[in-house]
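# Structure assessment
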Amino acid sequence: MASLLQRSGISSFHMKDMIVKKMSELKCPVDEDFAEYIMVMLHNNKSQKEVQTDLKTFLGTQSAVFTPWLFSIIEPDSIKPDTPELPPAKKSELEAMISDASSGEPIEPKPDKKKKKKKKK
C-alpha cells in the first residue's frame, strides 16, 4: 500500500521544504528533524486526527491550523468545504503550491503582498 506522501505525488524533498516554510509562517519551532518526524507519520499513513493529536504536544493550538493545511496538500480531493478547521485558502493558491512541489524545482518563498492603504485627502 502506498503511503500518503507517495499518493500525493510530491517528493519528500519538496514536502519537507513546504513543512518547514509553513511552520515558520505559523511562528512554530522550525527544525528539519521535526519535519522528518512529520514525514514519517505520513509514510506510516497516520490519519489527520492522529497527526493532529501527535503534533498538539509540540505545536499546541497551532496543530489545528497546521494539520488541515498539511492534509490539504497531500489529499486535496478529501477536503470538504464545510470542514470547520480548514484554514482559509484559495483553490488556485493550493493548486499552484502542488504544481510547484511536483515540478522538481526548489520552492522559493513568495514576497509579502501587504497592501498599502491610500490616504484620503
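Whatever comes next refers back to the structure up there.
An account of the accompanying structure is given in this report. All residue numbers here refer to positions counted from 1 along the written sequence of the relevant chain. Only residues with pLDDT of 70 or above have their local features reported here, since the model is predicted, and side-chain atom pairs are shown and tallied only from 80 upward, although totals for entire chains, interfaces and linings are computed over all residues. Only hydrogens and water are set aside when side-chain values are computed; all heavy atoms of the structure are taken into account.

### As for the overall build of the chain
Counted only if it meets this: Note on conventions: DSSP H or I runs of at least 4 residues are helices, E runs of at least 2 residues are strands, and numbering of each starts at the N terminus. Only protein chains enter the area calculation, which uses a 1.4 Å probe; residues under 20% of their type maximum are buried, those over 50% are exposed, and those in between are partly exposed. By the convention used here, residues are in contact when the closest approach between their heavy atoms is within 4.5 Å. Computed by Shrake-Rupley with a 1.4 Å probe, the accessible areas treat only the displayed protein chains as cover when residues are assessed.
Counting its secondary structure elements, the chain contains six helices and zero strands. Reading the chain from its N terminus to its C terminus gives the helix and strand order α-α-α-α-α-α. Sorting the 121 residues of the chain into buried and exposed places 32% on the buried side. Within the chain, counting contacts between residues at least 6 apart in sequence, those at least 24 apart form 53% of the total. Accessible surface computed for the chain: about 8700 Å², of which carbon and sulfur atoms make up 54%.

### Here's the deal with helix α3 (residues 32-43)
Rules: Residue count minus one, scaled by 1.5 Å, sets the expected span of a helix. Comment: arc refers to directions from the helix axis out to C-beta atoms. Residues adjacent in sequence count toward polar contacts only when both atoms are side-chain atoms; beyond that, a polar contact is any pair of N or O atoms within 3.5 Å, and within protein one must be able to donate a hydrogen and the other to accept it.
The end-to-end C-alpha separation of α3 is 16 Å, in line with the 16 Å expected for 12 residues at 1.5 Å each. Of the residues making up α3, those classed as buried are F34, A35, I38, M39, M41 and L42. Relative to the axis of α3, the buried residues are bounded by an arc of 155 degrees and lie together on one face. In this structure, α3 carries E32 and D33 as exposed residues pointing more than 90 degrees from its buried face. By the N-cap criterion, in which a side-chain oxygen at the helix start approaches the backbone nitrogen of a residue two or three places on, α3 is capped by D31, the distance to D33 being 2.6 Å.

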